[in-house]
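What follows is the residue order along each chain.
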Amino acid sequence: MATYDVIVVGLGGMGSSAAYHLAARGQRVLGLERFGPAHDLGSSHGGSRITRQSYFEDPAYVPLILRAYELWEKLERDSDRSLMTLTGGLFIGDPSSVTVAGTLASALQWDLPHEMLSAADLRRRFPLFRPAPHEVALYEANAGFLRPEETVRASLSLAAASGATLLFDSPVLSWSAGASSVEVHTATATYSAGALVVCPGAWAPTLLADLGIPFAVERQVQFFLDPIGGIEPFLPSAQPIFIWEGPPGTQVYGFPALDGPSGGVKVAFFRRGRTTSPDAVDRTIHDEEIAFITDHLSSRVPAAAGPFLRGKTCLYTNTPDEHFVIARHPLHARVTVACGFSGHGFKFVPVVGEILADLTLTGTTPHPIGLFDPTRSF
Ligand SMILES: Cc1cc2nc3c(=O)[nH]c(=O)nc-3n(C[C@H](O)[C@H](O)[C@H](O)COP(=O)(O)OP(=O)(O)OC[C@H]3O[C@@H](n4cnc5c(N)ncnc54)[C@H](O)[C@@H]3O)c2cc1C
């Protein structure tokens, strides 16, 4: 039987990155994934993800995102793929909104490049946007979009090139950890290794139940709309990504047109989804959902509010405070966990892989991950 140093369970965004970083550090890695490579049933699909540096969720994420940007560039070079495109980003809303005030606080604390635009400035510079007079925007040139499926494929192929064994269609049924080794069970085999990394995405409530964290899995819809008047003004050379906070708690976000006329423009709401489970999630997109987002956009980015082309459901795995969980498992010294990414984890994928490799090999990491402690009070 093959011998492994580390087993990685779940080869989505985080797990594929962990497998790559561990294999690149000379570990004999076994990766186990319940579905196929870069599938569309978890949290890392839909063609695009926003990346941004001035982090409204908490300035404590900024050092991590700055390291992630270095690693995104390295991943692009090593895999010879285009994964990150900086289009600039607009964070729009009332000056007191979380989106504007939080982004500005992060930018000021970390001295990140940004510009403040009044409603009139915004209309002039980016005529697709129709802010109300009291709204403002923070423009960040270093924001842009990432390619999630291509990223997962890049990490998987680099992991395999460094010697990792990657098994797909291999759901893990259970795992156990003892003083000297870990064991992982699938329907057909039992594998053992010195260490385990668990990155289960929306399956955290079952696979990591013993963390005792009240995760909430949330259904989200990514809408692809056919812009009114054509995609020309929406091309990435002209159009930044945006997050726009309207009525309290309502953030709509969108991307440039990335994939030609048939690709349309992708828009979605941040949060507001229904609580579900990955096995029971309703993957049908309903007419009233399409009408709701189109209506919401029609006064803000009217040209984006065109006919519905297609939609794709996706899952958030929320912790109560919406901060991540990344740590050695508090009950098992040989197990490291990364979960609860709460709908904003993708931009950190390469640095999470680096942190998971650090924690697995040394028990610690130079990165600031205090916010992600699974034993914090929820
Ligand atoms: C609609 C939407 C929009 C988003 N937008 C952004 C954004 O703009 N910017 C951003 O930074 N983040 C964004 N996110 C969040 C980000 O995409 C996620 O935080 C990230 O993809 C989570 O990665 P993961 O590895 O935890 O989950 P996944 O990529 O889902 O990986 C988990 C993997 O574990 C596997 N697995 C689970 N259980 C088992 C088992 N028992 N055995 C074997 N394998 C198992 C699953 O099949 C899956 O492949 C968005 C998410 C969604 C859904």
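The rules behind the values
Residues numbered from 1 in each chain as written. Predicted model: local features only at pLDDT ≥ 70, side-chain atom pairs only at ≥ 80, totals over all residues. Heavy atoms only, no water. UniProt positions renumbered as here; feature names shortened; annotations may be inferred. Core = buried A, V, L, I, M, F, W, Y, C linked by side-chain atoms within 4.5 Å. Buried < 20%, exposed > 50% of the residue type's maximum accessible area, 1.4 Å probe, protein only. Helix = DSSP H or I, 4+ residues; strand = E, 2+ residues; numbered from the N terminus. Contact = heavy atoms within 4.5 Å. Pairing = 2+ DSSP bridges. Near = heavy atom within 4 Å. Polar contact = N/O pair within 3.5 Å; in protein donor to acceptor, adjacent residues only side chain to side chain. Areas by Shrake-Rupley, 256 points an atom, 1.4 Å probe, with all protein chains shown as cover. Nonpolar A, V, L, I, M, F, W, Y, C, P; charged D, E, K, R; others polar.

Within an unreviewed UniProt entry, the label attached to the protein chain reads N-methyltryptophan oxidase, and the organism entered is Dactylosporangium sucinum. According to the UniProt record, the Cofactor (unreviewed entry) comment for the protein chain reads "FAD".

With that settled, consider the nonpolar core. With 51 residues, the main nonpolar core has V8, W72, V197, I326, F348, V352 and L356 as its most contacted residues. Every element with two or more residues in this core is listed here: strand 1 (4–9), helix 1 (13–24), helix 2 (62–79), helix 5 (148–161), strand 12 (190–198) and helix 9 (349–362). Here this core gets eight residues from one element, more than from any other, and that element is helix 2. Those residues in contact with W72 that lie beyond four places of it in its chain are L83, M84, L146, T151, F346, K347, V349 and P350. Among the nonpolar cores identified, the runner-up in size contains 29 residues, and F129, F269, I285 and A305 belong to it.

Bringing the UniProt feature "domain: FAD dependent oxidoreductase" (unreviewed entry) in the protein chain into the picture now. Feature annotation in UniProt places "domain: FAD dependent oxidoreductase" (unreviewed entry) on residues 5–359, given in this structure's numbering. The span residues 5–359 carries 26% helix and 30% strand; its end-to-end C-alpha distance comes to 14 Å.

Judged by how many residues are buried, strand 14 (residues 241–245) sits mostly within the fold: five of five residues are covered. Here strand 14 shows two buried faces, one formed by I241, I243 and E245 and the other by F242 and W244. Where strand 5 (residues 89–93) and strand 14 come together, four bridges link them in parallel fashion. Bridge assignment links L90 to a residue of strand 14, and that residue is F242. As paired elements, strand 14 and strand 15 (residues 251–254) share four bridges and run antiparallel to each other. The partner of I243 across the bridge, within strand 15, is Y253. The loop that links strand 14 with its antiparallel partner strand 15 comprises five residues; one of these, G249, has a positive phi angle of about 85°.

Attention now goes to the site of the ligand. Near the ligand there are 34 residues, and of these E33, H39, S44, C314 and K347 occur at the shortest range. Between the ligand and the protein, one listed contact pairs a nitrogen atom with a backbone N or O atom of G343 at 3.3 Å. Within the backbone of F346, one N or O atom sits 3.0 Å away from an oxygen atom of the ligand. Here the ligand loses 97% of its free accessible area of 1,000 Å² to cover by the protein chains. Secondary-structure elements contributing two or more residues to the shell around the ligand are helix 1, strand 3 (49–51), strand 13 (216–225) and strand 18 (308–318). Examining the composition of the shell around the ligand, we find that three residues originate from one element, strand 18, more than from any other. Grouping the constituent residues of the shell around the ligand by class yields 16 nonpolar, 14 polar and four charged.

Our next topic: unusual backbone geometry. You will see that A38, though not glycine, has its phi angle at about 50°, which is positive. Within the secondary structure layout, A38 lies in the loop between strand 2 (29–32) and strand 3. Even without being glycine, R272 reaches a positive phi, approximately 70°. Secondary-structure assignment places R272 in the loop between strand 16 (265–270) and strand 17 (274–276).

Turning next to the sheet that holds strand 4 (residues 84–85). Reading across from one edge, 3-8-4 is the order of the three strands in this open sheet, with antiparallel pairing throughout. Only two strands of the sheet have a single neighbouring strand rather than two, namely strand 3 and strand 4. Of the strand pairs in this sheet, strand 4 and strand 8 (residues 144–146) are connected by two bridges, and their pairing is antiparallel. Each bridged residue has a counterpart across the sheet, and for M84 the counterpart in strand 8 is L146.

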